[in-house]
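Here's the letter readout for the chains.
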Amino acid sequence: MQFRITLRLKQPGQLLPLSYQYELSAWIYHLLEQANSDFAKFLHEEGYLAGKKRFKLFVFSNLHIPHGGYTILDDRMKIHAREISFVISFLVPQAAQDLLMGLFKEQRFRLGDRITGIDFQVHTIECLPLPHFSERVIRFKCTAPLVVSQPKISSKGKLISDYLAPSDPTYSQYFWGNLRDKHKAALAVQLATPIPKSPEYSFRCLTERPKARLIRIKAHTPAETKVKGYLFDFELEAPQELLRLGLLAGFGVENALGFGAVRVIK
């Protein structure tokens, strides 16, 4: 299921860091913990398993700010708009819809880092109709940076993530591998249905120059890291169940941190 959540600013004209994804993710986890602390702990520390890989099976988009509603100032943005919004998607049973909508209703919170932040109140929550994937070929637009990575040994001998651009020859391999693993994890808890044993897969980037985005996680702390993703349009050919899974749980990695959210291009 998908929700569009509209946030109302307590005082327009305040500064929000450009890298706000980690803080927004932390707020979502906080709400889940209020409803069910065991479930929130499970998502944060364990997640749904496929072998040794763990997935959260939810994703959220970038903040949508009306045109002309903000000004960039170094690593901050000054928001002039009275309201902004984002879309959050969950791969959960339909019976959980009312519970999830109730979690966000009329919530107040502060979003930001140690330097600046903005006070918000949830103004409206809208349940969005899901597209019907009647075709095997669907076009998507990234509404948050999409992150695909491969493991790499650094010069210091540590295992790190090598973030790939859509033009990389190995991009499609890791893209599909991640989506198939998500499907295995979802299938194990009956959140997905089986797919053909040898389906056809096809990934095609439709954007000539995808926009790279480097997002800081836990900014201005000793634990700060950076994640690199890309914004672009793309076309997929795959079983309908995998297309639905990617829409609701996110494509690529780090979905619960706000990466890999998409919408269907009609």
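Note that the structure is a prediction, hence the values are computed from the model and not measured. (Residues numbered from 1 in each chain as written. Predicted model: local features only at pLDDT ≥ 70, side-chain atom pairs only at ≥ 80, totals over all residues. Heavy atoms only, no water.)

Novice: Could you clarify how one ought to interpret the side chain of Glu241 in this entry?
Specialist: Looking at the secondary structure, you find Glu241 in helix α5 (residues 240-249). Only 2.9 Å separates the side chain of Glu241 from the backbone nitrogen of Thr193, close enough to count as a polar contact. Here Arg244 takes part through its side chain, which lies 2.9 Å from a polar atom of the side chain of Glu241. Beyond its immediate sequence surroundings of up to four residues, Glu241 is in contact with His183, Leu191, Ala192, Thr193 and Ile195. (Helix = DSSP H or I, 4+ residues; strand = E, 2+ residues; numbered from the N terminus. Polar contact = N/O pair within 3.5 Å; in protein donor to acceptor, adjacent residues only side chain to side chain. Contact = heavy atoms within 4.5 Å.)

Novice: Would you mind showing me how to read the pattern of salt bridges here?
Specialist: Oppositely charged side chains can form a pair if their charged atoms are brought close together. Within this structure, the stated rule accounts for 12 salt bridges. Of the charged contacts, one joins Lys141 and Asp233 as a salt bridge, the two residues approaching to 3.0 Å between their closest N and O atoms. Of the two residues, Lys141 sits in strand β11 (residues 137-142) while Asp233 sits in strand β17 (residues 233-237), which places them 92 residues apart along the sequence. Where Arg204 meets Glu235, a salt bridge forms, and the shortest distance between an N and an O atom there is 3.4 Å. Placement of the pair is Arg204 in strand β14 (residues 202-205) and Glu235 in strand β17, with a sequence separation of 31 residues. Classification of Arg204 by relative accessible area gives partly exposed; the value is 41%. With a relative accessible area of 17%, Glu235 lands in the buried category. Each member of the salt-bridge network shares a partner with another, and the members are Asp75, Arg76, Asp113, Arg216 and Glu224. (Salt bridge = Lys/Arg side-chain N within 4 Å of Asp/Glu carboxyl O. Buried < 20%, exposed > 50% of the residue type's maximum accessible area, 1.4 Å probe, protein only.)

Novice: Help me out: how do you make sense of the packing of aromatic side chains in this one?
Specialist: The relative placement of two aromatic rings is captured by the distance of their centres and the angle of their planes. This structure, assessed with the given rule, holds 21 aromatic pairs. An angle of 40 degrees between the planes, with centres 4.8 Å apart, marks the rings of Trp176 and Tyr201 as tilted. On the criterion of sequence distance, the pair formed by Trp176 in helix α4 (residues 171-188) and Tyr201 in the loop between α4 and β14 is long-range, its members being 25 residues apart. Connected via pairs of aromatic rings, a cluster forms that spans Phe133, Phe140, Tyr171, Phe175, Trp176, Tyr201, Phe203, Phe232, Phe234 and Phe251. Sitting over the ring of Tyr201, Arg180 keeps its end group 5.2 Å from the ring centre. (Phe/Tyr/Trp six-rings, centres within 6.5 Å; stacked < 30°, edge-to-face > 60°. Lys NZ or Arg CZ within 6 Å of the ring centre and 35° of its normal.)

Novice: What am I meant to see in α4 here?
Specialist: Residues separated by three or four positions in an α-helix point in the same direction, a consequence of the helix having 3.6 residues per turn. Between the first and last C-alpha of α4 there are 26 Å, a value that for 18 residues agrees with the 26 Å anticipated at 1.5 Å per step. The first or second residue beyond α4 is Gln190, which carries a positive phi of 60 degrees. (Expected span 1.5 Å × (residues − 1).)

Novice: When you look at the pairing of β17 in this model, what are you seeing that I'm missing?
Specialist: If a strand is regular, its side chains alternate between the two faces of the sheet. Within β17, 4 of the 5 residues are buried, leaving the element largely enclosed by the surrounding structure. Examined bridge by bridge, β11 and β17 share 5 bridges and lie antiparallel to one another. Residue pairing across strands places Val137 opposite Glu237, the latter belonging to β17. Note: β14 against β17, 4 bridges, orientation antiparallel. What sits directly across from Arg204, in β17, is Glu235. (Pairing = 2+ DSSP bridges.)

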